[in-house]
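# Observations on the three-dimensional arrangement
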Amino acid sequence: MLETDVLIIGGGVVGLSILEQVPSKWSALLLERHPSFGRETSSRNSEVIHSGIYYAHGSKKTEHCKVGRNELYRFCQERSVPFKRCGKYVVATHPDEEQSLEELAAHCEYEVVPFQIIGKTWLESKAPLLKVSQALFFPLSGILDSHQFMSALERSAKEQGKLIAYNTEFVRLLEKDPWVVEVCENGKTFKIQSKVLINSAGLSAASISNSILNTDRYIHRFCRGRYFQLDSSFRGKFESLIYPLPQKDGLGIHVTKDLSGSVRLGPDTDWCKGANLENLDSFYECNWDELKGEFTSFVRRFMPSLEPEHLNPGFTGIRPKLFIEGKLYSDFLVEHQGHFIHLLGIESPGLTASLSLGKEVAHLIESILQ
Ligand SMILES: Cc1cc2nc3c(=O)[nH]c(=O)nc-3n(C[C@H](O)[C@H](O)[C@H](O)COP(=O)(O)OP(=O)(O)OC[C@H]3O[C@@H](n4cnc5c(N)ncnc54)[C@H](O)[C@@H]3O)c2cc1C
């Protein structure tokens, strides 16, 4: 039987970050069921480095976002991962929304997230496609190449002698203390024993925790976000990202760009009715033509010249929304029970927060094993 000190389930950005930061005096192995890292939510997002303006005071989302964003910029700089600190505007589209913008500004002051108040005339001269009432500018927001970031984490973990098993799925727990699990690699099952077991399995994490802890306490409900790509006439039209004020269920369809300059709209928030882990893959598809009208009318509030013909189908990402005993838990959950650690509800800003989440888990491992 294979033995290790630390066993991590899940090779998304968070699992990789944990693996990279496990103190190297401990042996560590990461299991990922796909042939390579980041094939699920970690490669289906806006690739935005968030500054930490939306989440409740004292929440893990706020703290990990603020610390994680600084660490991410440093990591990208030091390891030559492409990124751009392009900044972002949150816009009030109508004078009626200015009060909400002021409330957001007050929250950011309290959280010590830097911003500037921007007038309509100045912003519309910088980005003539926009029509707004007022805006806030957040200079610490940016974008990164998330694939290269994960690749750098993988490389660094391997250089430290840590192991990654691709095409290898966690199947079930066999024994506790020490943990013995059954895994399946290309149809062959075998056992692994570990002193610490970490569940960082993204969308599947709640179900895995329930099976390990023999409970039905944790539920992930799935909420998808879809993106359209704007046609090439929009390239170079926006120096910074453009966000509306946050909406009831999410940040609101926003305008982002990738490092190549192509511009996209999204994500929306669509609770995937009837979704479960077995049929979840079918929710990555949708009727893009039907959706164009909805996106266009929302974004026209701040970009009035947008036409449905400008939109080309993009991609879909799925958020794991955590419910505990039936109630929405809107923060990240990082818990440990003995030598078992799990990370649940790791939705946005999980990419931004990944290095900071990895550090928290590395400290937990240190305190458990020493
Ligand atoms: C639409 C959308 C937009 C977003 N935009 C942003 C953004 O701009 N900025 C930001 O900071 N965050 C953003 N996020 C959030 C961010 O993408 C996620 O929080 C982050 O990618 C989660 O990483 P993860 O490693 O926890 O999960 P995942 O990337 O889902 O990785 C989990 C891994 O576990 C593996 N796995 C599952 N079960 C098993 C098993 N039994 N055995 C082995 N392996 C298993 C899966 O294959 C998967 O690779 C966005 C999310 C969405 C959905």
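As the structure is a computational prediction, the values presented were derived from the model and not from experiment. (Residues numbered from 1 in each chain as written. Predicted model: local features only at pLDDT ≥ 70, side-chain atom pairs only at ≥ 80, totals over all residues. Heavy atoms only, no water.)

### Observations regarding the domain arrangement of the protein chain
- Assigned domains within the protein chain: domain 1 (2-46 + 147-217 + 328-369) and domain 2 (88-139 + 220-324).
- Once you take the C-alpha centre of each, domain 1 and domain 2 turn out to be 30 Å apart.
- Contact with domain 2 buries surface across domain 1, with Arg44, Ser46 and Leu203 losing the most and accounting together for 38% of the total.
- Taken together, domain 1 and domain 2 are joined by one salt bridge.
- Its salt-bridge partner being Glu347, residue Lys321 comes within 3.0 Å of it at the nearest N-O pair.
- The tally of links between domain 1 and domain 2 comes to nine residue pairs in polar contact (both at pLDDT 80 or more).
- For the side of domain 1 that touches domain 2, the element with the most residues is helix α6 (residues 205-213), which contributes three residues.
- By residue class, the composition of the side of domain 1 that touches domain 2 is eight nonpolar, seven polar and three charged. (Domains from an automatic or database assignment. Buried area = accessible area lost by both parts, 1.4 Å probe. Salt bridge = Lys/Arg side-chain N within 4 Å of Asp/Glu carboxyl O. Polar contact = N/O pair within 3.5 Å; in protein donor to acceptor, adjacent residues only side chain to side chain. Helix = DSSP H or I, 4+ residues; strand = E, 2+ residues; numbered from the N terminus. Nonpolar A, V, L, I, M, F, W, Y, C, P; charged D, E, K, R; others polar.)

### Some remarks on the environment of Asn167
- Mapped onto the elements of the fold, Asn167 is located in the loop between β9 (163-165) and β10 (168-175).
- Ignoring sequence-local partners within four residues, the contact set of Asn167 consists of Glu32, Arg33, His34, Pro35, Cys184, Glu185 and Asn186. (Contact = heavy atoms within 4.5 Å.)

### Overview of the nonpolar core
- Core analysis: the biggest nonpolar cluster contains 42 residues, and Val6, Ile18, Phe149, Ile198, Leu343 and Ile365 have the highest contact counts within it.
- Those elements that provide at least two residues to this core are β1 (2-9), α1 (13-21), β2 (28-31), α2 (60-78), α5 (146-159), β12 (188-199), β21 (340-344) and α8 (350-369).
- Ignoring sequence-local partners within four residues, the contact set of Leu343 consists of Val14, Ile18, Ile198, Asn199, Ser200, Ala205, Leu333, Val334, Leu357 and Val361. (Core = buried A, V, L, I, M, F, W, Y, C linked by side-chain atoms within 4.5 Å. Buried < 20%, exposed > 50% of the residue type's maximum accessible area, 1.4 Å probe, protein only.)

### Here we look at the packing of α1 against α5
- In contact at an axis separation of 9 Å, α1 and α5 are set at 30 degrees when each is read in the N-to-C sense. On the basis of their axis angle, the class for α1 and α5 is roughly parallel. Viewed along their axes, α1 and α5 form a crossing whose handedness is left-handed. Packed against α1, whose contacting residues are Val13, Leu16, Ser17, Leu19 and Glu20, the element α5 presents Phe149, Met150, Leu153, Glu154, Ser156 and Ala157 at the interface. (Axes fitted to C-alpha atoms, helices over the stretch in contact; angles between N-to-C directions. Parallel < 35°, antiparallel > 145°, perpendicular 65-115°, else oblique. Left-handed = near helix turned anticlockwise from the far one by under 90°.)

### A closer look at the site of the ligand
- Near the ligand, the surroundings consist of 39 residues, among which Glu32, Ser42, Val48, Ile346 and Thr352 are the closest.
- One nitrogen or oxygen atom from the side chain of Glu32 is found 2.7 Å from an oxygen atom belonging to the ligand.
- A distance of 3.0 Å separates an oxygen atom of the ligand from a polar side-chain atom of Asn45.
- Taken by itself the ligand offers 1,000 Å² of open surface, and the protein chains cover 98% of this.
- Of all the secondary-structure elements, those providing two or more residues to the shell around the ligand are α1, β10, β18 (311-324) and α8.
- A per-class count over the shell around the ligand returns 14 nonpolar, 17 polar and eight charged.
- Two domains each provide a minimum of three residues to the shell around the ligand, namely domain 1 (2-46 + 147-217 + 328-369) and domain 2 (88-139 + 220-324). (Near = heavy atom within 4 Å. Areas by Shrake-Rupley, 256 points an atom, 1.4 Å probe, with all protein chains shown as cover.)

### A look at the pattern of salt bridges
- Following the criterion strictly, the structure yields 23 salt bridges and no others.
- Taking the shortest distance from any N to any O, the salt bridge between Glu47 and Arg264 comes out at 3.5 Å. A residue pair is termed long-range when its members are at least 10 positions apart, and Glu47 in the loop between β2 and β3 (48-49) and Arg264 in strand β16 (residues 263-266) qualify at 217 residues.
- A relative accessible area of 17% places Glu47 in the buried class.
- Look at Arg264 and you get buried, because its relative accessible area is 6%.
- The closest approach of N and O atoms between Lys66 and Glu111, which form a salt bridge, is 3.3 Å. Residue Lys66 is found in helix α2, and its partner Glu111 is found in helix α3 (residues 98-111); the two are separated by 45 residues along the sequence.
- Judged by its relative accessible area of 16%, Lys66 falls in the buried class.
- What makes Glu111 buried here is its relative accessible area of 2%.

### Points about unusual backbone geometry
- The residue after Gly266, namely Pro267, is reached through a cis peptide bond having omega -5 degrees.
- In this structure, Pro267 sits in the loop between β16 and β17 (270-271).
- Pro349 follows Ser348 through a cis peptide bond whose omega is 10 degrees.
- Within the element layout of this structure, Pro349 appears in the loop between β21 and α8.
- Notably, Asp177 is not glycine yet its phi reads approximately 45 degrees, a positive angle.
- With phi around 45 degrees, Asn186 is a residue other than glycine that occupies positive phi space.
- The class for Asn186 is exposed, based on a relative accessible area of 61%.

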